[in-house]
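# Chain and residue survey
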Amino acid sequence: MPRTIHIIGAGLAGLAAAVELARHGMAVVVHEATKVAGGRARSYHDAALGMVIDNGNHLLLAGNHAALGYVRRLGTEHRLIGPPAAQFSFIDLANGDQWTLRFNDGRLPWWIFDPDKRVPDTHLVDYLALARLLWGAPGKVVGEVIRFSGPVYERLVRPLLLAALNIDPAIGSAKLAGAVIRETLAAGGRACRPLIAREGLGSTLIEPALAFLAEHGAAVRFGDQLRALRAAGTTIEALDFGSNTVALAPADAVVLAIPPYAAASIVPGLETPTEFRAIVNAHYRIDPPPGQPPILGVLNATTEWIFAFPGRIAVTVSAADRLLDTPRETLAQQIWTEVAAVTGLPRELPRWQIVRERRATFAATPEQDARRPGARTAWSNLFLAGDWTNTGLPATIESAIRSGQRAAALAAQI
Ligand SMILES: Cc1cc2nc3c(=O)[nH]c(=O)nc-3n(C[C@H](O)[C@H](O)[C@H](O)COP(=O)(O)OP(=O)(O)OC[C@H]3O[C@@H](n4cnc5c(N)ncnc54)[C@H](O)[C@@H]3O)c2cc1C
């Protein structure tokens, strides 16, 4: 009898697992609780703006090899757009200073020797201290490993790690920060090239995966929320979806690719991260001014990154729990005032939308990181995936895709 692998959750972890298994000719059924795929990385038609937007700006880096392999497999690599070389422009709203970091392509960081390419007012030795993060530091926070003050910290390390870890870096896991630096700054400029799904996450990462699955005979069932697992000894023998139950054949397997709080309620005794951090995005329906960089880092403001899309400007604020109770109009106006100051666009508020993702990522502290389980479970045919499983990376698309591919490889082997 042919084996079936059931994937629970059609976020990027679940889709990556499903694509991997389907391309190897395995029978796959994806069960997604909601009516849409994509999870925390989704596009939707926004009525307030009158256009399709992503729930939040998502940045990939060219060194995200699993994510790049995934889009290559789907044939949508060309939809990830970025500059030919790694460069990041910044503006400091406190004093109007502007600069652009230009990383050289190779592994040796020549850019830190060149005052025109590194952060203004910094010295070579300031960068060498960063090497301390490279060797991990289990159980420690970034603030215990490097000094969290000074221009290199304020103008490079803090914005980079705040975006990557989605937590104030001073209290963020030094181990996860080390992984980010190893895979970006220390891997050379080629790995740091920023990439954006300019036409949207949906048409780059999600819909093509659904099309790939359909072409390969995989089924995707929406509105199919897993309620419970039924186990016999060390094997899962049935999946309970409330209105229906799916009995598993002895060689069938399950990849559970749902958020940690959902997994913890379904898998007995599973330890998962329990704390989260929010991300807030403010979207404005307006043409970016000519010459506006695709991504601009902003310091000393609520706005952290300004993304320029055709007909839209979108702002990201990470670790944004402090903004969850601010009225939406206040937030839209406050952020727009900053955007107008940076871009020179009129101060009059354009059509806007505020998207607050309360549990955008698990809190990347050493304590929460230590609660991340591996892909294997106490049940021989049940595997875990998701950006929150123990991938060694913070909760990112790369982490989600790697976790899905790993769980798929294990499920295929049993
Ligand atoms: C606003 C925002 C900005 C971000 N920015 C970036 C960025 O710039 N770069 C980056 O790399 N990452 C970014 N991320 C993180 C990235 O979006 C996530 O790491 C990734 O999407 C997680 O995918 P996942 O599959 O692990 O989980 P999810 O996307 O959460 O998918 C889980 C899926 O499981 C479904 N589900 C839940 N319970 C059940 C159930 N019982 N039965 C069936 N299905 C169920 C859910 O509906 C969902 O579709 C951002 C996240 C947010 C929210």
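Residues numbered from 1 in each chain as written. Predicted model: local features only at pLDDT ≥ 70, side-chain atom pairs only at ≥ 80, totals over all residues. Heavy atoms only, no water.

Here we take up the sheet that holds strand 6 (residues 80–81). Strand pairing in a sheet is mediated by backbone hydrogen bonds. Such pairs are either parallel or antiparallel. Strand order in this open sheet of three strands is 5-9-6, and the pairing throughout is antiparallel. Two strands close off the open sheet at either side, each with one partner strand: strand 5 (59–61) and strand 6. Where strand 5 and strand 9 (residues 194–197) come together, three bridges link them in antiparallel fashion. Following the sheet pairing, Leu 61 is matched in strand 9 by Pro 194. (Pairing = 2+ DSSP bridges. Helix = DSSP H or I, 4+ residues; strand = E, 2+ residues; numbered from the N terminus.)

Attention now goes to the site of the ligand. As a matter of local geometry, the ligand sits amid 35 residues, with Glu 32, Arg 40, His 58, Leu 59 and Asp 387 nearest to it. The backbone of Thr 396 places a nitrogen or oxygen atom 3.2 Å from an oxygen atom of the ligand. In isolation the ligand has 1000 Å² of accessible area, and contact with the protein removes 91% of it. Those elements that provide at least two residues to the shell around the ligand are helix 1 (12–23), strand 2 (27–32), helix 10 (260–266), strand 15 (276–285), strand 19 (351–362) and helix 13 (397–413). The residue inventory of the shell around the ligand, partitioned by class, reads 17 nonpolar, 13 polar and five charged. (Near = heavy atom within 4 Å. Polar contact = N/O pair within 3.5 Å; in protein donor to acceptor, adjacent residues only side chain to side chain. Areas by Shrake-Rupley, 256 points an atom, 1.4 Å probe, with all protein chains shown as cover. Nonpolar A, V, L, I, M, F, W, Y, C, P; charged D, E, K, R; others polar.)

Where strand 3 (residues 43–46) meets strand 4 (residues 51–54), four bridges bridge the pair, whose relative direction is antiparallel. Of the residues in strand 4, the one forming a bridge with His 45 is Val 52. Counting the residues between successive antiparallel strands, the hairpin from strand 3 to strand 4 contains four residues, one of them, Gly 50, with a positive phi of roughly 70 degrees.

Quick look at the sheet that holds strand 15 now. Pairing within the open sheet is mixed, and its seven strands lie in the order 8-7-16-17-18-15-19. Of all strands in the sheet, those with a lone pairing partner are strand 8 (98–102) and strand 19, marking the two edges. Neighbour to neighbour, the strand axes of the sheet diverge by 25 degrees on average, direction disregarded. Here helix 11 (residues 328–343) sits on the sheet in contact with strand 7 (87–92), strand 15, strand 16 (295–299), strand 17 (305–309), strand 18 (312–317) and strand 19, set at roughly 105 degrees to strand 19. (Axes fitted to C-alpha atoms, helices over the stretch in contact; angles between N-to-C directions. Contact = heavy atoms within 4.5 Å.)

Another aspect to go through is the pairing of strand 11 (residues 228–232). One ladder, built from five bridges, connects strand 11 with strand 12 (residues 235–240); its direction is antiparallel. Bridged to Ala 228 within strand 12 is Asp 240. Once strand 11 ends, the chain turns through two residues before running back antiparallel as strand 12, passing Gly 233 with a positive phi of about 65 degrees.

Empty space left among the atoms is revealed by rolling a probe the size of a water molecule over them. Inspection of the entire model under this criterion finds one cavity of 30 Å³ or more. Estimates place the volume of the largest cavity at around 50 Å³. What lines the largest cavity is Asp 54, Gly 56, Asn 57, His 58, Ile 196, Ala 197, His 283, Phe 309 and Arg 312. For the lining of the largest cavity, the residue count by class is three nonpolar, four polar and two charged. (1 Å grid on protein atoms, 1.4 Å probe; cavity = no way out; pocket = protein on both sides within 12 Å on 5 of 7 lines; lining within 4 Å. Points joined across faces, edges and corners; volume = space filled by probe spheres on them.)

Moving on to helix 11. Compared with the 22 Å implied by 1.5 Å per residue over 16 residues, the 22 Å span of helix 11 between its first and last C-alpha is a close match. Among the residues of helix 11, Leu 331, Ala 332, Ile 335, Trp 336, Glu 338, Val 339, Ala 340, Val 342 and Thr 343 are the ones counted as buried. Elements in contact with the buried residues of helix 11: strand 7, strand 15, strand 16, strand 17, strand 18 and strand 19. Downstream of helix 11 by a residue or two, Gly 344 has a phi angle that is positive, lying close to 80 degrees. (Expected span 1.5 Å × (residues − 1). Buried < 20%, exposed > 50% of the residue type's maximum accessible area, 1.4 Å probe, protein only.)

Per the stated rule, a full pass over the model turns up six aromatic pairs. Aromatic pair Tyr 284 and Trp 336: ring centres 4.7 Å apart, planes at 50 degrees, arrangement tilted. Of the two residues, Tyr 284 is situated in strand 15 and Trp 336 in helix 11; the sequence distance between them amounts to 52 residues. Look at Tyr 284 and you get buried, because its relative accessible area is 0%. We classify Trp 336 as buried; its relative accessible area is 0%. Linked through ring pairs, Phe 90, Trp 99 and Trp 305 together constitute an aromatic cluster. (Phe/Tyr/Trp six-rings, centres within 6.5 Å; stacked < 30°, edge-to-face > 60°.)

Nothing here speaks to function; it is all geometry.
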